[in-house]
Amino acid sequence: MDDRTAADEPGAMDDVAAQILRTYDTITVVGASADPAKAANEVPAYMQARGWRIVPVNPRADEIVGERVYRSLADVPKPVGLVDVFRPSADCAEVARAAVAAGATALWLQLGITSPEARRIARDAGLAYVEDRCLIIEQRRTGITR
């Protein structure tokens, strides 16, 4: 079953991505990496350099991009707001459930990551939702900074 809606059309996703970039000043990054060679480090560092506060979530690191790391979304101080995901698609439904439980209001799956189940969970909970998009590409496209 395909649960896509009009909000999944390319132009609509552009609008949602831009709205998220304008709305949130903090990005909670699930799957953030301490390895500067990985996109899960490069993207948060890039966004941080453009004014966003980064809250890394990784069960095996203590500091990423100079910020304290939280072991899980449940450990992140509230409010959570935007959750950006660098995890395999198969993990995204679980991340979406954790984001909803943590009080997130937006869920962003990075480029190459899609999950119909995560999309359904996010939309059913009223979260703004983006998938298969890179924050760097969208920031450059829109020119939005903090």
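Structure: see above.
In this text, all values refer to a predicted model and were calculated from it rather than measured experimentally. (Residues numbered from 1 in each chain as written. Predicted model: local features only at pLDDT ≥ 70, side-chain atom pairs only at ≥ 80, totals over all residues. Heavy atoms only, no water.)

Overview of unusual backbone geometry
Geometrically, the link from Lys78 to Pro79 is a cis peptide bond, its omega value of 0° lying close to zero. Structurally, the position occupied by Pro79 is in the loop between strand S4 (67-68) and strand S5 (82-85). Phi is positive for Val65, close to 45°, though the residue is something other than glycine. Note that Val65 resides in the loop between strand S3 (63-64) and S4. Unusually for a residue other than glycine, Asp132 sits at a positive phi of about 55°. (Helix = DSSP H or I, 4+ residues; strand = E, 2+ residues; numbered from the N terminus.)

Examining the sheet that holds strand S6 (residues 106-109)
Ordered by their spatial adjacency, five strands build an open sheet running S2-S1-S5-S6-S7, and the pairing between neighbours is parallel. Whereas interior strands pair on both sides, the edge strands pair on one side only; in this sheet they are strand S2 (53-57) and strand S7 (128-130). Each neighbouring strand pair of the sheet contributes to a mean axis angle of 20°, computed without reference to strand direction. Of the strands in this sheet, S6 and S7 are in contact with helix H4 (residues 116-124), which crosses S7 at around 160°. (Pairing = 2+ DSSP bridges. Axes fitted to C-alpha atoms, helices over the stretch in contact; angles between N-to-C directions. Contact = heavy atoms within 4.5 Å.)

What to know about the environment of Ala101
Along the polypeptide, Ala101 turns up in helix H3 (residues 92-101). Residues Ala101 and Ala74, 27 residues apart in the sequence, show an inter-C-alpha distance of 7.7 Å.

So, the pattern of salt bridges
Taken as a whole and assessed by the stated rule, the structure comprises nine salt bridges. The salt bridge partner of Arg120 is Glu117, with a shortest N-O separation of 3.9 Å. With Arg120 and Glu117 both in helix H4, this residue pair falls three residues apart, about one helical turn. Here Arg133 makes a salt bridge to Glu138, at a shortest N to O gap of 3.3 Å. (Salt bridge = Lys/Arg side-chain N within 4 Å of Asp/Glu carboxyl O.)

A few points about the nonpolar core
Counting 29 residues, the largest nonpolar core has Ile20, Ile27 and Met47 as its most contacted members. Within the residue set of this core, elements represented by two or more residues are helix H1 (10-23), strand S1 (26-30), helix H2 (39-49), S6 and helix H5 (135-142). Broken down by element, the residue count for this core peaks at six residues, all from H1. Counting 24 residues, the second largest nonpolar core, distinct from the first, contains Leu73, Val80, Cys92 and Ala93. (Core = buried A, V, L, I, M, F, W, Y, C linked by side-chain atoms within 4.5 Å. Buried < 20%, exposed > 50% of the residue type's maximum accessible area, 1.4 Å probe, protein only.)

Here we look at the pairing of S6
Looking down a regular strand, the side chains alternate between one sheet face and the other. Burial of the side chains of S6 extends over both faces: Ala106 and Trp108 are buried on one face and Leu107 and Leu109 on the other. Sheet analysis places S5 next to S6, joined by four bridges and oriented parallel. When the sheet's bridge partners are listed, Leu82 is paired in S6 with Ala106. You can see the chain leave S5, run along H3 and come back into S6, and the turn it takes is right-handed. Of the crossover connections in this fold, the one passing from S6 over H4 to the parallel S7 is right-handed. (Right-handed = clockwise from strand over helix to strand, strands pointing away.)

Any functional reading would require information beyond the geometric quantities listed.
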